[in-house]
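What the coordinates show
Below are the chains, spelled out letter by letter.
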Amino acid sequence: MRLPEETSKRSLVSLTPLIDVVFILLIFFMLASSFLKWEHIELGLKETVSVVSDKPESTLIQIDDDGDYRLNGKAADLKTIAKHVERAVATGGEHAIVLEPKEGVVLQSVMIVMDAVRSAGGRNVSLGKR
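Bear in mind the structure is a predicted one, so any value in this text is a computation, not a measurement. (Residues numbered from 1 in each chain as written. Predicted model: local features only at pLDDT ≥ 70, side-chain atom pairs only at ≥ 80, totals over all residues. Heavy atoms only, no water.)

Focus: the side chain of Glu-100
Turning to its location among the elements, Glu-100 is positioned in strand β5 (residues 97–101). Its relative accessible area of 10% is what places Glu-100 among the buried residues. A polar contact of 3.0 Å, which involves the side chain of Glu-100, links it to the side chain of Gln-62. (Helix = DSSP H or I, 4+ residues; strand = E, 2+ residues; numbered from the N terminus. Buried < 20%, exposed > 50% of the residue type's maximum accessible area, 1.4 Å probe, protein only. Polar contact = N/O pair within 3.5 Å; in protein donor to acceptor, adjacent residues only side chain to side chain.)

Structure (structure tokens):
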């Protein structure tokens, strides 16, 4: 006597709850994300010697690794640099400002000088090397 084989029904998994969870996660991450406008500062790396010699109205600011600054070859502090940039910008024209950090200078030191220059009105700022 043969017994009838039991046919097992496979239960189908519904994808609807999975899609609901994915949409809920998508909405959560869209609401939790911030879409801030990121600002950036464009820098061009130029040869310092050619920039300074081509334009007489250019300023060279050298940054040492111990936090000392030199403005056109003379020792200076941030206030002196800012005043020089304000005077140079007040005369008009495209005044080129070249920042020349020595090798091993921390990026934060360069950014401090760049902030001082930009707050004084300097807009044509680039990094230079010798």
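Quick look at the packing of aromatic side chains
Scanning the entire structure with this criterion turns up 1 aromatic pair. Their ring planes at 70° and their centres at 5.2 Å tell us that Phe-28 and Phe-29 sit as a pair that is edge-to-face. (Phe/Tyr/Trp six-rings, centres within 6.5 Å; stacked < 30°, edge-to-face > 60°.)

Some words on a nonpolar patch on the surface
Together, Leu-15, Leu-18, Ile-19, Val-22, Phe-23, Leu-26 and Met-30 make up an exposed nonpolar region whose accessible area comes to about 690 Å². Position of Met-30 relative to the elements: it lies in helix α1 (residues 16–32). (Patch = residues over 30% accessible without salt bridge, like charges linked within 9 Å, V, L, I, M, F, W, Y side chains within 5 Å. Areas by Shrake-Rupley, 256 points an atom, 1.4 Å probe, with all protein chains shown as cover. Salt bridge = Lys/Arg side-chain N within 4 Å of Asp/Glu carboxyl O.)

Some points on unusual backbone geometry
Not every positive phi belongs to a glycine, and Asn-72 is a case in point at roughly 50°. Relative to the helices and strands, Asn-72 is located in the loop between β3 (69–71) and β4 (74–76).

Some words on the confidence of the model for the protein
With 78% of its residues at a pLDDT of 70 or more, the protein has an overall mean of 79. Looking at the elements of the protein, mean pLDDT is at its lowest for helix α2 (residues 48–54), recorded as 50, and at its highest for α1, recorded as 92. (pLDDT = per-residue confidence, 0-100.)

Examining the side chain of Thr-59
Mapped onto the elements, Thr-59 comes out in strand β2 (residues 59–63). The exposure class of Thr-59 is buried, given its relative accessible area of 0%. Setting aside residues no more than four positions away along its own chain, Thr-59 makes contact with Leu-71, Asn-72, His-84, His-95, Ala-96, Ile-97 and Val-98. (Contact = heavy atoms within 4.5 Å.)

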